[in-house]
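Per-entry structural report
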Amino acid sequence: MCGVGKTLPHNNKVILKDIYLSFFYGAKIGIIGLNGSGKSTLLKIIAGVEKGYKGEVVWAPGYSVGYLEQEPQMDPSKTVIEVVREGVQEVVDLLDEYNAIGLKFCEPMSDDEMNALIERQGELTELIEHHDGWEIESKLERAMDALQCPPPDASVATLSGGERRRVAL
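Predicted model, so just to flag it, every value in this text is computed and none were measured.

Parameters and conventions
Residues numbered from 1 in each chain as written. Predicted model: local features only at pLDDT ≥ 70, side-chain atom pairs only at ≥ 80, totals over all residues. Heavy atoms only, no water. Core = buried A, V, L, I, M, F, W, Y, C linked by side-chain atoms within 4.5 Å. Buried < 20%, exposed > 50% of the residue type's maximum accessible area, 1.4 Å probe, protein only. Helix = DSSP H or I, 4+ residues; strand = E, 2+ residues; numbered from the N terminus. Contact = heavy atoms within 4.5 Å. Pairing = 2+ DSSP bridges. Phe/Tyr/Trp six-rings, centres within 6.5 Å; stacked < 30°, edge-to-face > 60°.

Observations concerning the nonpolar core
Nonpolar side chains in soluble globular proteins tend to end up buried together. Residues V80, V84, M144 and V167 are the most contacted members of the largest nonpolar core, which totals 20 residues. Secondary structure elements with two or more residues in this core: α2 (80-86), α3 (89-104), α4 (111-130) and α5 (136-146). What V80 contacts, discounting residues up to four positions off in sequence, is M144, P150, P151, P152, A154, V156, L159 and V167. Grouped together as the second largest cluster of nonpolar side chains are 8 residues, L16, I45, I46 and V57 included.

Describing the pairing of strand β1 (residues 2-7)
Bridging between β1 and strand β3 (residues 54-56) involves 2 bridges; their strand directions are antiparallel. Bridge pairing links C2 to E56 in β3. Bridge count for β1 against strand β2 (residues 14-19) is 3 bridges, and the pairing is antiparallel. Each bridged residue has a counterpart across the sheet, and for K6 the counterpart in β2 is L16. Hairpin connection between β1 and β2: a loop of 6 residues separates the two successive antiparallel strands, and N12 in this loop has a positive phi of roughly 60°.

A few points about the packing of aromatic side chains
According to the stated counting rule, one finds 2 aromatic pairs in the structure shown. Centroid distance Y98 to W134: 5.2 Å. Interplanar angle 80°. Geometry classified as edge-to-face. Here Y98 is found in helix α3, whereas its partner W134 is found in the loop between α4 and α5, with 36 residues between them in sequence. The partly exposed category is assigned to Y98, whose relative accessible area is 22%. Residue classification places W134 among the partly exposed positions, given a relative accessible area of 41%.

Set out below in structure tokens:
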């Protein structure tokens, strides 16, 4: 972060002023401050959630930032496993497309259509392997177990605040 600042537009209160930060790989960082001093705002800026700030924020190539809200918002109509899968939606989408192609092979088609499907299936196979997608369900199961999440089929609407945070993680 270089020269990052944030002023509240409705009252011109300065929340952050001229912040310079960088983190070493693997570092564990704590942010301490009084209520209303800008801790959450700073984290939202780092995560790319907050857009209305001045200065510059740059992430190292190949890295991404995750952000867990203090009060995670989840679709109450979903189950725990459906919300957890959202965290790996890219891989889930690849697997869904791969499976859909497998079903299309049962349908009549031209040689060109067949070749296009075979080529796309090969591309998907490489992408899935790159993301270790064949093991995604067991990875999610292990992560949910480590975080002591509620049962996968539990409704999100019935979860306590602590359970919601574990699911969101």
